Amino acid sequence: MIENGSGASSTYANSQTLRVGRHSNGYNAAALLKIPLSAIPQPTNSRVVNAELNVFSDLNSDQSMPIAVRPVLVNWNESANSTTYNGVNNWTQLGGRSIGNDVGLYSDIVETVTDDWMNWDVTELVQLAIANSQTHLSVMLYAPSSTSSDALLYSTSYPTASKRPWLNLTWSSGAASTPTVAAVNSLPANNAVMWDTNSHAVQANFRPTMSWTYSGSNITAWRLFILQDANDDMQGLYTYDSRVNTSAFDLQNLQFTPPSDLDFSEEIRWMVQPVRDGMIGPRSSSSNFYIPTVVGGEVNSTDAHLMIQEGSMIDALNYPTATQDTYLDSGNTLSNQGSSNALFVGRSANSYNTASLRSTSLVSIQLSSVPLPTTDRKSTRLNSSHQIISY
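Note that this is a predicted model, so its numbers are computed, not measured.

A. Representation of the sheet that holds strand β5 (residues 66-71) within the structure. Ordered in space as β3-β8-β5-β6, the four strands form an open sheet in which the pairing is antiparallel. The strands lining the two open edges of the sheet, one partner per strand, are β3 (31-36) and β6 (108-111). Taken pair by pair, the neighbouring strands of this sheet meet at an average axis angle of 25°, ignoring direction. With four bridges joining them, β5 and β6 adopt antiparallel strand pairing. Bridge pairing in β6 links Val-69 to Asp-108.

Here's what the structure looks like:
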């Protein structure tokens, strides 16, 4: 399925290959797969504990392009093209690329290979499909919109049966129910800025505790995900599992504290997922917080230093917004220079040849825009604002 351009209106249900990535027409292509779960006889008193989707990649595929497997959220059929998912109803976005409407968050992402099998972990998707009484595993193989690479994968119509897609399921003895309720992220609050409140300096907290609430019951483990890029999940996820990272989780209070500094990005986006006896539930809606750039530090046990510059702590938020400035010019007394991108001091900027005319700059820095120390000993040198006048 091609999102736009030449071939976008066509259907490819009988094609021997599935194209994923940048098509020759310059637009992105994605592949749809639907595997009947109800046609597979499930052993009694058992549960699926592992599921792996296997698709063969052609010799002419580009290498090392990430391809994600995502659940399709609409009931598509083989009439699907770039506009409609069933020949009648439209995708939210051309090519079915709207995450959250056409497709969901990916369960796994792998890089392309040539002339070999590609394998995706779809355990989460299969378990949820069975729990929701869905008859099929319905997925999209999805490449980044920015990719310039292309992969050619073999479809269920490929002549050599041994190279057609297949799903490998592993069952374990003993039935168990899949959690169907998602947790709700609690703290940090959305868009909160994380400061180290244990320091007498203004410093970032690189290991803030995350907490959530849950209305379900009998959860035996939790998984927590942090996006490597808060605005692009195709860059990958950092995954923490309470069965592995035991010391990072407080299962009683539903809290997680990172075992290492979150110093890879200023914006951190995270979500959490319940697990019951190996059965994986739905992920929570994501929330985000910010880790500011280091602009201060401790000098010794009592003193600290801090640099306050407009927008220097968090680029995305232009934080802090602490400074107001302008200049006054006796050569142009009625003009407001508050939006000027420069400050002038000395001889008039407007009447430079008249020696008696002068420019004066005003700068105000609002210190209350950052979380300054609150104890008397450490705040006596600071005022709520400071104004500088230069002649």
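B. Just the nonpolar core, in detail. In this structure, Leu-53, Trp-120, Val-122, Leu-137 and Leu-141 are the most contacted members of the largest nonpolar core, which totals 28 residues. Looking at which element gives the most residues to this core, the answer is strand β4 (residues 46-57), with four residues.

C. Structural context of the side chain of Glu-267. Here Glu-267 is to be found in strand β18 (residues 267-276). Owing to a relative accessible area of 10%, Glu-267 belongs among the buried residues under this scheme. Engagement of the side chain of Glu-267 in a polar contact is seen with the side chain of Asn-288, the distance being 3.0 Å. The contacts of Glu-267, once residues within four sequence positions are left out, are Ala-230, Asn-231, Asn-288, Phe-289 and Tyr-290.

Reading the values: rules and limits
Residues numbered from 1 in each chain as written. Predicted model: local features only at pLDDT ≥ 70, side-chain atom pairs only at ≥ 80, totals over all residues. Heavy atoms only, no water. Pairing = 2+ DSSP bridges. Helix = DSSP H or I, 4+ residues; strand = E, 2+ residues; numbered from the N terminus. Axes fitted to C-alpha atoms, helices over the stretch in contact; angles between N-to-C directions. Core = buried A, V, L, I, M, F, W, Y, C linked by side-chain atoms within 4.5 Å. Buried < 20%, exposed > 50% of the residue type's maximum accessible area, 1.4 Å probe, protein only. Polar contact = N/O pair within 3.5 Å; in protein donor to acceptor, adjacent residues only side chain to side chain. Contact = heavy atoms within 4.5 Å.

Read these as layout, nothing more, since geometry by itself doesn't imply function.
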